[in-house]
Amino acid sequence: MNFEYTEEQIALQDTLRRFFSRDYGFEHRRTVAASADGFDRSAWKTHAELGLLALPFPSDQGGLDGSAIDVQLVMELLGRGLALEPYLATVVLCGSLIRDSATAAQREAVLPAIAGGEALLALAHYEPGQRYDSDRIATTATRAGTGWRLDGAKAVVLGAPSADRFIVSAVAAEGLSLFLVDAGAPGLAVRAYPTQDGARAGDLQLAGVEVAADALVGKAGDGLEAVERALDHANAALCAEAVGIMGALNEITLEYLKTRKQFGVPIGKFQALQHRMADMVIATEQARSMATLAAVRADSKDPAERRRAVSAAKAYVLQSARLVGQQAVQLHGGMGVTDELIVSHYFKRLTMIGLTFGDMDFHLGRFSDSLLAA
C-alpha cells in the first residue's frame, strides 16, 4: 500500500507547522490553559479558516470530504502543538456521530455550524462508576408529550464547559438512544473543572430535562452502535495525536542530549543514552504504523474489523507512548517534570490519552475478545 501523503496533505502539514511555531508557542499555550475558556477561540477561528473543522464532513454539508487519514494528519500535528482546542470532542467525536447517525435535517443544521467554527459540541456518554463500558448507562429517557424527558448524570465530559450543545446518551424503551441538548436547557447543570493536561471537562446532572421530538439523533434504540462507531473514530485520532507528541519528544530529547554536557562532553556521546534514544525512535515509528492502520480501518463498514484494528492500535500506541514519555523525562533529569519545561506537558497529555476512551488493559481485552469471536 502507498502511505505517502498527497500534495494537498503535505501543504496542510506545512501550514499547521507554521501556525504552531509562529502563533501557538509554549508560553502562549500556558497562558491559554489558565484562561476561563481553557482554549484559544482565535485559534479555533483559524482552524475553521484553514478548513480543519470541515475536513471529515461531506461537501454537500459544508465539508471537505476528508478521510480518517486526513484527520490522522491533523491530529498528529495538533499533538505536536499541544493544542487545547476541542477538536477531538467537537469535530472527531460529535461531528462523526452526527455525520454517520443523525437525520438529514440534523446533519444540515449541525455540520455546517461545526465546520464554520460557530458551534461547539460535547458527547455526554460515560457515567460515574461506568469505566469504559459503552453499554452501562443509567440515564433514562421517557416520553413527555411529543418530546422526551432526560434524567441522570454524566461524568468527565470532554469540552463540557465551552459546549453549546451536548449529545446525551440515555436508555429509552426502545434501547440506548442519543439526544441533542442545548447547554442552557432547564434542568441541566454542568460542573466544570480542568484536567491534568490543561484542558477542560465537566460533570453533568440532568433533572427532568425536556427536549423536543426532533432532538432524538437518528432512531430510538440505535444509540449504542452510533456511540461505539464514534468512539472508534476518536480512539484512532488519539493514536495519531500520541504519535505527534512522541515525535516532538524525540526531537526535544535529542537536542538536549546534544547540548547538555557531563565530564566535558555532550551526554549524547554516551552509548547507553544513544541506545535509549534509538529505542524511543523505533517505538515512535512502530506506533505510527499502528496509528495508520487504525485510521485506515476507522472507516470500515465492518464493526468487528474496525473495533479490532482500533483496539490493537490503541493498546500498542499506549505501550509505546509510555516508553517514549518516561524515557524523555528521565533523559532530561529532574527538569523533565517541571512545569516550565514542555516535556512535562507532553508527558501529561500522553498520560491523559492513555486514560481516555479506554486504557491499555481495556483495549487489550477487547482485542483478545475479538480474536476469540473471529
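Structure's up top.
Since we're looking at a predicted model, the values are computed, not measured. (Residues numbered from 1 in each chain as written. Predicted model: local features only at pLDDT ≥ 70, side-chain atom pairs only at ≥ 80, totals over all residues. Heavy atoms only, no water.)

Undergrad: Residues and numbers for the side chain of Arg 200, please.
TA: Tracing the sequence through the fold places Arg 200 in strand 7 (residues 200-211). Comment: no salt bridge for buried Arg 200; closest opposite-charge side chain is Asp 197, at 7.7 Å. Among the polar contacts made by the side chain of Arg 200, one reaches the main-chain carbonyl oxygen of Gly 198 at a distance of 3.2 Å. The residues touching Arg 200, leaving out its near neighbours within four places in the chain, are Ala 33, Ala 34, Ser 35, Ala 36, Asp 37, Gly 38, Leu 158, Gly 159, Pro 161, Tyr 193, Pro 194 and Thr 195. (Helix = DSSP H or I, 4+ residues; strand = E, 2+ residues; numbered from the N terminus. Buried < 20%, exposed > 50% of the residue type's maximum accessible area, 1.4 Å probe, protein only. Lys, Arg positive; Asp, Glu negative; His and termini not counted. Salt bridge = Lys/Arg side-chain N within 4 Å of Asp/Glu carboxyl O. Polar contact = N/O pair within 3.5 Å; in protein donor to acceptor, adjacent residues only side chain to side chain. Contact = heavy atoms within 4.5 Å.)

Undergrad: Could you give me a rundown of the pairing of strand 2 (residues 140-144), with the residues and numbers involved?
TA: Note that strand 2 and strand 3 (residues 147-158) share five bridges and pair antiparallel. Its bridge partner being in strand 3, Thr 142 is matched across the sheet by Arg 149. In this structure, the hairpin formed by strand 2 and strand 3 is closed by a connection of two residues, where Gly 145 is found at a positive phi of approximately 65 degrees. (Pairing = 2+ DSSP bridges.)

Undergrad: Account for the packing of aromatic side chains, naming residues and giving values.
TA: Applying the stated rule across the entire model yields six aromatic pairs. Ring geometry for Phe 19 against Tyr 24: centres 6.1 Å apart, planes inclined by 40 degrees, an arrangement best described as tilted. Judged by relative accessible area, Phe 19 falls into the buried class, the value being 6%. In this structure an aromatic cluster arises from ring pairing among Phe 19, Phe 20 and Tyr 24. (Phe/Tyr/Trp six-rings, centres within 6.5 Å; stacked < 30°, edge-to-face > 60°.)

Undergrad: Residue-level account of the pairing of strand 6 (residues 188-194), with values.
TA: As judged from the seven bridges shared by strand 6 and strand 7, these two strands associate in the antiparallel manner. Looking across to strand 7, one finds that Ala 189 is bridged to Gln 205. Hairpin connection, strand 6 to strand 7: the antiparallel pair is bridged by five residues, and Gly 198 has positive phi, about 95 degrees.

Undergrad: Account for helix 8 (residues 271-298), with residues named and values stated.
TA: Counting along an α-helix, one turn takes 3.6 residues, and residues three or four places apart therefore face a common direction. The terminal C-alpha atoms of helix 8 lie 40 Å apart, and with 28 residues this matches the ideal 40 Å at 1.5 Å per residue to within 8%. Looking only at helix 8, the buried set comprises Leu 273, Met 277, Met 280, Ala 283, Thr 284, Ala 287, Ala 291, Thr 292, Ala 294, Ala 295 and Ala 298. At its buried positions, helix 8 is contacted by helix 4 (68-80), helix 7 (223-259) and helix 9 (303-331). (Expected span 1.5 Å × (residues − 1).)

Undergrad: Report on the packing of helix 5 (residues 87-101) against helix 7, specifying residues and quantitative values.
TA: Viewed as axis vectors pointing N to C, helix 5 and helix 7 meet at an angle of 145 degrees, and their least axial separation amounts to 9 Å. When you trace helix 5 past helix 7, the crossing you get is right-handed. Residues Leu 88, Val 92, Leu 93, Ser 96, Leu 97, Arg 99, Asp 100 and Ser 101 of helix 5 form the contact with helix 7, whose participating residues are Ala 226, Val 227, Arg 229, Ala 230, Leu 231, His 233, Ala 234, Ala 237 and Leu 238. (Axes fitted to C-alpha atoms, helices over the stretch in contact; angles between N-to-C directions. Left-handed = near helix turned anticlockwise from the far one by under 90°.)

Undergrad: How would you sum up helix 2 (residues 26-33)? Please name residues and give values.
TA: When helix 2 is considered as a whole, its buried residues turn out to be Phe 26, Arg 29, Val 32 and Ala 33. All buried residues of helix 2 fall inside an arc of 120 degrees around its axis, so they share one side. Where helix 2 is buried, its residues contact strand 7 and helix 10 (342-353). (Arc of directions from axis to C-beta.)

Undergrad: Residues and numbers for the nonpolar core, please.
TA: Residues Val 74, Met 75, Tyr 87, Ile 167 and Met 246 are the most contacted members of the largest nonpolar core, which totals 92 residues. Residue contributions to this core peak at 18 residues, all from helix 7. With residues up to four places along the chain from it excluded, the contact list for Tyr 87 reads Trp 44, Leu 52, Leu 53, Leu 55, Val 74, Met 75, Leu 78 and Val 92. (Core = buried A, V, L, I, M, F, W, Y, C linked by side-chain atoms within 4.5 Å.)

Undergrad: Give me the pattern of salt bridges: which residues, what numbers.
TA: With the rule as written, the count across this model stands at 23 salt bridges. Note that Arg 17 and Asp 14 form a salt bridge whose closest N and O atoms lie 3.6 Å from each other. Here Arg 17 pairs with Asp 14, and both are found in helix 1 (residues 7-23), just three residues apart, close to one helical turn. The salt bridge partner of Glu 251 is Arg 80, with a shortest N-O separation of 2.8 Å. Linking Glu 251 in helix 7 with Arg 80 in helix 4, this pair joins segments that are 171 residues apart in sequence. Sharing partners across several salt bridges, the network here consists of Glu 27, Arg 30 and Asp 339.

Undergrad: Just give me the short version of the packing of helix 4 against helix 7, but keep the residues and values in it.
TA: Two elements in contact, helix 4 and helix 7, have axes separated by 7 Å at closest approach and are oriented at 45 degrees. Between helix 4 and helix 7, the angle is such that the two are oblique. For helix 4 against helix 7, the interelement crossing comes out right-handed. Across the interface between the two elements, Val 71, Gln 72, Met 75, Glu 76, Gly 79 and Arg 80 from helix 4 touch Ala 237, Ala 240, Glu 241, Val 243, Gly 244, Ile 245, Gly 247, Ala 248 and Glu 251 from helix 7. Among the residues forming the contact of helix 4 with helix 7, the class breakdown is seven nonpolar, four polar and four charged. (Parallel < 35°, antiparallel > 145°, perpendicular 65-115°, else oblique. Nonpolar A, V, L, I, M, F, W, Y, C, P; charged D, E, K, R; others polar.)

What is shown is where atoms sit, not what they do.
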